[in-house]
Amino acid sequence: EPEVTQTPSHQVTQMGQEVILRCVPISNHLYFYWYRQILGQKVEFLVSFYNNEISEKSEIFDDQFSVERPDGSNFTLKIRSTKLEDSAMYFCASNKRGTSGLEQYFGPGTRLTVT
Amino acid sequence: GDSVTQMEGPVTLSEEAFLTINCTYTATGYPSLFWYVQYPGEGLQLLLKATKADDKGSNKGFEATYRKETTSFHLEKGSVQVSDSAVYFCALSDRDTGNQFYFGTGTSLTVIP
């Protein structure tokens, strides 16, 4: 069964450094998402992406964040200058259509630790 | 705004015990409701869903009924197994606020033999 994959599984970085989290969505999916979960808190929506542009973003997704689909398979989340509070589990998700009621397929997550 | 409140964990049960994980929601429109499960080292997997009031989602012995009058979507299973040990997330998506998912904090379940 096709699945969403994410790399790396764990990333440790120093404050102020740039990080790129990578995701490979399911191949025939068209809508892509990033979420994050700070330890002990809710899973929070960051951004959705369709047709090579951002379709929605949350207040969390400020100028330090960017997303890109650099080729036909990868979907990346870049944090330009990491802060301690960016430490979290980051989940990528995808689905065929961005409609309510349709499930999103999630990857296993990347745990980002900023020191 | 939209939000989901989920029962705090962790929950520890003996095998064959009855499971209830409470979930209530707040939504401005007409949300669809979901339960996702995360096994160790894996992604969030859809367990069940309901897209309108009074719908019951079911899968693998788990059930949840969309109750608009109480704004709830509690997860139940009559007899849990060790293999059900995982983290369970309640979530909603609401077309009136875009199609992003709103999640609860997750409830960790451990089933002991």
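Presented here is an overview of the structure given in this document.

Definitions and limits used
Residues numbered from 1 in each chain as written. Chains lettered and ligands numbered in written order. Predicted model: local features only at pLDDT ≥ 70, side-chain atom pairs only at ≥ 80, totals over all residues. Heavy atoms only, no water. Helix = DSSP H or I, 4+ residues; strand = E, 2+ residues; numbered from the N terminus. Buried < 20%, exposed > 50% of the residue type's maximum accessible area, 1.4 Å probe, protein only. Polar contact = N/O pair within 3.5 Å; in protein donor to acceptor, adjacent residues only side chain to side chain. Disulfide = S-S within 2.5 Å. Contact = heavy atoms within 4.5 Å. Buried area = accessible area lost by both parts, 1.4 Å probe. Phe/Tyr/Trp six-rings, centres within 6.5 Å; stacked < 30°, edge-to-face > 60°. Pairing = 2+ DSSP bridges. Axes fitted to C-alpha atoms, helices over the stretch in contact; angles between N-to-C directions.

### Thoughts on the environment of Asp 2 of chain B
Residue and element names in this part refer to chain B. Relative to the helices and strands, Asp 2 is located in the segment before strand S1 (3–6). A relative accessible area of 9% places Asp 2 in the buried class. Within the structure, Asp 2 has its side chain in polar contact with the backbone nitrogen of Thr 28 (distance 3.0 Å).

### Looking at the state of the cysteines
Residue and element names in this part refer to chain A. Within the structure shown, the criterion is met by 2 disulfides over all chains. The disulfide bridge from Cys 23 ends at Cys 92, spanning 1.9 Å between sulfur atoms. Taking the torsion about the sulfur-sulfur bond, which here is approximately -65°, the covalent link between Cys 23 and Cys 92 counts as left-handed. Of this pair, Cys 23 sits in strand S3 (residues 19–24) while Cys 92 sits in strand S9 (residues 88–95); the two residues are 69 residues apart in sequence, bridging distant segments of the chain.

### Re the interface of chain A and chain B
Taken together, the contact between chain A and chain B spans 19 residues of the former and 26 residues of the latter. Between chain A and chain B lies a buried interface of about 1700 Å² when both sides are counted; carbon and sulfur atoms form 52% of it. At the junction of chain A with chain B, the criterion picks out 4 residue pairs in polar contact (both at pLDDT 80 or more). For the side of chain A that touches chain B, the elements supplying multiple residues, two or more each, are strand S4 (31–37) and strand S5 (43–50) of chain A.

### A short note on the packing of aromatic side chains
Across all of its chains, the model carries 20 aromatic pairs over all chains by this definition. On the numbers, 6.5 Å between centres and 65° between planes, the contact of Phe 106 of chain A with Phe 101 of chain B is edge-to-face. Here Phe 106 of chain A, found in strand S10 (residues 105–106), pairs with Phe 101 of chain B, found in strand S11 (residues 101–103), and the two come from separate chains. In this structure, Phe 106 of chain A and Phe 101 of chain B share a single accessibility class: buried. Seen from their ring centres, Phe 62 of chain B and Tyr 88 of chain B are 5.6 Å apart, and the 40° between their planes marks the pair as tilted. Of this pair, Phe 62 of chain B sits in strand S8 (residues 62–65) while Tyr 88 of chain B sits in strand S10 (residues 86–93), placing them 26 residues apart in sequence. Across the pair, Tyr 88 of chain B and Phe 62 of chain B agree in class, each one buried. Among the aromatic residues, ring-to-ring pairing joins Tyr 33, Tyr 35, Phe 45 and Phe 106 of chain A together with Phe 34, Tyr 36, Phe 89, Phe 101 and Phe 103 of chain B into one connected group.

### Side note on the sheet that holds strand S8 (residues 75–79) of chain A
Either a parallel or an antiparallel arrangement is found when strands of a sheet pair, and the pairing is made through backbone hydrogen bonds. Residues and elements named next belong to chain A. If you trace the 4 strands from one edge of the open sheet to the other, you get S1-S3-S8-S7, paired in antiparallel fashion. The two strands at the open ends of the sheet, each matched to only one other strand, are strand S1 (5–7) and strand S7 (65–68). Going from strand to strand, the sheet's axes swing by 20° on average, the running direction of each strand aside. Where S3 meets S8, 5 bridges bridge the pair, whose relative direction is antiparallel. Bridge pairing links Val 19 to Ile 79 in S8.

### Re the sheet that holds S8 of chain B
All names here are of chain B. Spatial ordering of the open sheet is given by S3-S9-S8-S7, a layout of 4 strands whose pairing is antiparallel. With one partner strand each, in any of the chains shown, strand S3 (19–21) and strand S7 (56–59) form the two edges of the open sheet. Each neighbouring strand pair of the sheet contributes to a mean axis angle of 15°, computed without reference to strand direction. Of the pairings in the sheet, the one linking S8 to strand S9 (residues 75–77) comprises 3 bridges and is antiparallel in character. Bridging across to S9, Ala 64 finds its partner in Leu 75.

Any functional reading would require information that these geometric values do not contain.
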